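# Secondary and tertiary structure notes
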Amino acid sequence: MQSELTDIDTDTKAKAGDRWKLKVQGVVLEFNQPEVKVADAMAQAGFDPTKAWHIYLIVHGQKSEVTAEQIVDLRTPGIEKIRLMQRNVDNGEGKQLAPRRLFKLLAADHAYLDSLGLRWETVFEGERRWLLIHDYPLPTGYAPGATTLALDIPKDYPASQVDMFYFAPFVGRTNGVEIPRVQVRATIDGVEYQGWSRHRNAASAWDSAADNVRTHLVLVESCLAKELGE
């Protein structure tokens, strides 16, 4: 059974005077010294380091498991993120239900989604088929730092394109600037989702032979970055 994941993104290149910056799930922390105890960073980011976690340090795309007591040197080149995975527990803390797989995706989609390390499900809501990606991390500049991303998967996908994307809870910019064209709504499992009206144009038309969930997630990331002016 796969547990939910939470990414803690780190930015170790920035140094302002004697302050070292560490970006934790969209929240920028500052430290007086470049050596940071993992437990201290977790606590400042709002995660209880005494809970049962698998903790992974990602350096140059390579993952290695560390402990909460380990010291991370922010001067080390290539540090990308720390990833937390909640351990399976049977001691009264509760069990997480197995993710639902109510309809099939392409084999390539399944492999790619598994590689993200995020909990994902395929569910029905009436006649519509939804892919839910839980704890989807958002770039700095958005609140909340993570949300559930929903994609509406057509019945004849991939012959028909995946269009738009949806978030729950709703996503906003941390600077208060209004995001245009996010008025569409969808209800999935009794939860209201915020639909972003973002569509492909002729120059990026859907290609059923090449496009899939993975390429649509690239579109999602591009739209999020564009909204921030990146």
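Worth saying up front: this structure is predicted, and the values here are computed from it rather than measured.

This part is about the confidence of the model for the protein. For the protein, mean pLDDT is 83; residues scoring 70 or higher make up 82% of the total. Segment residues 1–6 is flagged for pLDDT under 50; beyond a separation of four residues in sequence, or across chains, it makes 31 contacts in the model. Every residue in residues 10–16 is under pLDDT 50, and counting partners more than four places away or in other chains gives 17 contacts.

As a further point, take the packing of aromatic side chains. Evaluated as defined, the whole model comprises seven aromatic pairs. By way of ring pairs, the aromatic residues Tyr-142, Phe-165, Phe-167 and Trp-196 are connected into one cluster. The ring of Trp-120 has Arg-101 lying over it, and the distance from NZ or CZ to the ring centre is 3.6 Å. Lying across the ring of Phe-103, Arg-129 places its NZ or CZ 4.2 Å from the centre.

As a further point, take the sheet that holds strand S16 (residues 184–188). Strand order in the open sheet made by the six strands is S10-S11-S13-S14-S17-S16, with antiparallel pairing throughout. Two strands in the sheet have a free side with no partner beyond their single neighbour: strand S10 (120–125) and S16. This sheet shows a mean twist of 35 degrees between the axes of neighbouring strands, independent of strand direction. Relative to strand S17 (residues 191–196), S16 runs antiparallel, the two being bridged by five bridges. When the bridges of S17 are listed, Arg-185 appears paired with Gln-194.

Conventions adopted
- Residues numbered from 1 in each chain as written.
- Predicted model: local features only at pLDDT ≥ 70, side-chain atom pairs only at ≥ 80, totals over all residues.
- Heavy atoms only, no water.
- pLDDT = per-residue confidence, 0-100.
- Contact = heavy atoms within 4.5 Å.
- Phe/Tyr/Trp six-rings, centres within 6.5 Å; stacked < 30°, edge-to-face > 60°.
- Lys NZ or Arg CZ within 6 Å of the ring centre and 35° of its normal.
- Pairing = 2+ DSSP bridges.
- Helix = DSSP H or I, 4+ residues; strand = E, 2+ residues; numbered from the N terminus.
- Axes fitted to C-alpha atoms, helices over the stretch in contact; angles between N-to-C directions.

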